[in-house]
Each structure stands twice: as C-alpha cells, then as structure tokens.
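# Coordinate analysis (summary)
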Amino acid sequence: MKIESQVSEALNAQINNELRASYVYLAMAAHFDSDNLKGFASFFRRHAGEEIDHAMRIYDFIVKRGGTVELKGIAVPEKNFRDPAAAIRTALAMEADVTDQIHKLFELAHEVKEYGTQNMLHWFLEEQIDEEDLFRDLLEQAEAAGDSRWHLMVLDNRLLGAAPPA
Ligand code: FEO
C-alpha cells in the first residue's frame, strides 16, 4: 500500500531534522578539531555519520512505500562552544527535540493507521533512548572535568580510544 501523503510529508521533514543534526555534530567536530581535542572531534564526527544513517533509513522507507523524497535546506549550525560541556548540552537538548519529533510522527502514523510506518519508527524510539542516555553520561563526565584542561584531555583521550579506526 502506498504511503499516506501526510505521513510521507512528515517523514520528509524528519529526513531534514536528521540531516540538520548531522550538520550540527559536524560543526562540533570541526570546533574540537580546531581546539586540538581529537577525541571529542572524532566522537562528534562519528555521530554526524550516524545521523546521516538515520536520514537514509527514512529515505529508503519512503522510496520502498512508493513515496517521493524531497530534500529541503539546512540552516548554518552554531560553530563556537565555550567548552565540551556546552556542546554536549546543546546536543542533549537537540536529541530531546528529536525524541519529541519521533513521538509526534508515531502519533500521526497511529492516527491515520499507517501500520508499516509505526513499525519502522519502533527502531527510532529505541535509538532515542540510547542517544539521550549517551549524551547525559558524557555531559556528566565533561561537567566533572570542568575548566581543567588536564581532565578534559584525559576524557578526550578516552573518547579517542573508543573510536573505531578512521
Ligand atoms: Fe537521529 Fe541523534 O537522532
């Protein structure tokens, strides 16, 4: 059955939200690369890639359901952050917004009886729980490091160690 038009439109908007998140994380990666915090940079770069994967999941779903993908513009992301905690706070707030967006999508899919879309969105519901948990944990660590460059570098090294080889 072809995808319901209102749902298709809302999913297209979500592609844009995911790509916007990718752009924001890439700007954070660039900021930390320029501040020589390679671990934070690699963490955000990896996350930027994950957001593109999220967008492509929805892209593929729309195509498979006979809908049309329509890309929209992406606003210029913020590029300066006082410290890693400030960037992570921004990330956590953005992830909370994404969770809200997924919930609204799910409600719409439920309302118009788009069962296939509800099923596809289950993956995103789970993912958002993990995403918020990840950023909450990291924020706690970055806040504990505070303004100490030494402690931030220790945390940075740990993030670098956790990164897969480039
Ligand atoms: Fe695709 Fe981080 O939400």
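Data block above holds the structure.
Below you will find a few notes about this structure. No experiment lies behind these values; they were computed from the predicted model shown.

Procedures and definitions
- Residues numbered from 1 in each chain as written.
- Predicted model: local features only at pLDDT ≥ 70, side-chain atom pairs only at ≥ 80, totals over all residues.
- Heavy atoms only, no water.
- Core = buried A, V, L, I, M, F, W, Y, C linked by side-chain atoms within 4.5 Å.
- Buried < 20%, exposed > 50% of the residue type's maximum accessible area, 1.4 Å probe, protein only.
- Helix = DSSP H or I, 4+ residues; strand = E, 2+ residues; numbered from the N terminus.
- Contact = heavy atoms within 4.5 Å.
- Phe/Tyr/Trp six-rings, centres within 6.5 Å; stacked < 30°, edge-to-face > 60°.
- Patch = residues over 30% accessible without salt bridge, like charges linked within 9 Å, V, L, I, M, F, W, Y side chains within 5 Å.
- Areas by Shrake-Rupley, 256 points an atom, 1.4 Å probe, with all protein chains shown as cover.
- Salt bridge = Lys/Arg side-chain N within 4 Å of Asp/Glu carboxyl O.
- Lys, Arg positive; Asp, Glu negative; His and termini not counted.
- Charge placed at Lys NZ, Arg CZ, Asp CG, Glu CD.
- Axes fitted to C-alpha atoms, helices over the stretch in contact; angles between N-to-C directions.
- Parallel < 35°, antiparallel > 145°, perpendicular 65-115°, else oblique.
- Left-handed = near helix turned anticlockwise from the far one by under 90°.

## Section: the nonpolar core
In this structure, Tyr-25, Met-28, Phe-32, Phe-40, Phe-44, Ile-88 and Phe-135 are the most contacted members of the largest nonpolar core, which totals 25 residues. Contributing elements (two or more residues each) for this core: helix H1 (5-34), helix H2 (38-64), helix H3 (84-111), helix H4 (115-145) and helix H5 (149-162). When residues no more than four places from it in sequence are discounted, the contact partners of Phe-135 are Tyr-25, Phe-43, Phe-44, His-47, Ile-88, Ala-91, Leu-92 and Glu-95. Judged by nonpolar contacts, the second largest core, of 15 residues, contains Leu-11, Phe-61, Ile-62 and Ile-102.

## Describing the packing of aromatic side chains
Going through the model one piece at a time under the given rule, you end up with 8 aromatic pairs. A ring pair is formed by Tyr-25 and Phe-135, whose centres lie 5.7 Å apart and whose planes are at 15°; its orientation type is stacked. With Tyr-25 in helix H1 and Phe-135 in helix H4, the pair connects residues that are 110 residues apart, well separated along the chain. Neither residue differs from the other here; Tyr-25 and Phe-135 are each classed as buried. Ring geometry for Phe-32 versus Phe-44: centroids 5.8 Å apart, planes at 15°, classification stacked. One end of the pair, Phe-32, is in helix H1; the other, Phe-44, is in helix H2, and 12 residues separate them in sequence. Exposure remark for Phe-32: the relative accessible area of 0% places this residue in the buried category. Joined through ring pairs, the aromatic side chains of Tyr-25, Phe-32, Phe-40, Phe-43, Phe-44 and Phe-135 make up one cluster.

## Side note on a negative patch on the surface
Together, Glu-126, Asp-130, Asp-133, Asp-137 and Glu-140 make up a negatively charged patch on the protein surface. A residue is classified by how much of its surface remains accessible, and Glu-126, at 54% relative accessible area, is exposed.

## Some details on the packing of H2 against H3
In contact at an axis separation of 12 Å, H2 and H3 are set at 15° when each is read in the N-to-C sense. By the criterion of interaxial angle, the relationship of H2 to H3 is roughly parallel. Considering only the axes of H2 and H3, their crossing is left-handed. Taking contact as the criterion, the partners of Phe-40, Phe-44, His-47 and Glu-51 in H2 are, on H3, Pro-84, Ala-87, Ile-88, Ala-91 and Glu-95.

## A closer look at unusual backbone geometry
The phi angle at Asn-36 is positive, at roughly 60°, despite the residue not being glycine. Since its relative accessible area comes to 54%, Asn-36 is described here as exposed. Of note, Lys-113 is a non-glycine position whose phi angle comes to about 60°, a positive value. Positionally, Lys-113 belongs in the loop between H3 and H4. For Lys-113, a relative accessible area of 57% gives the class exposed.

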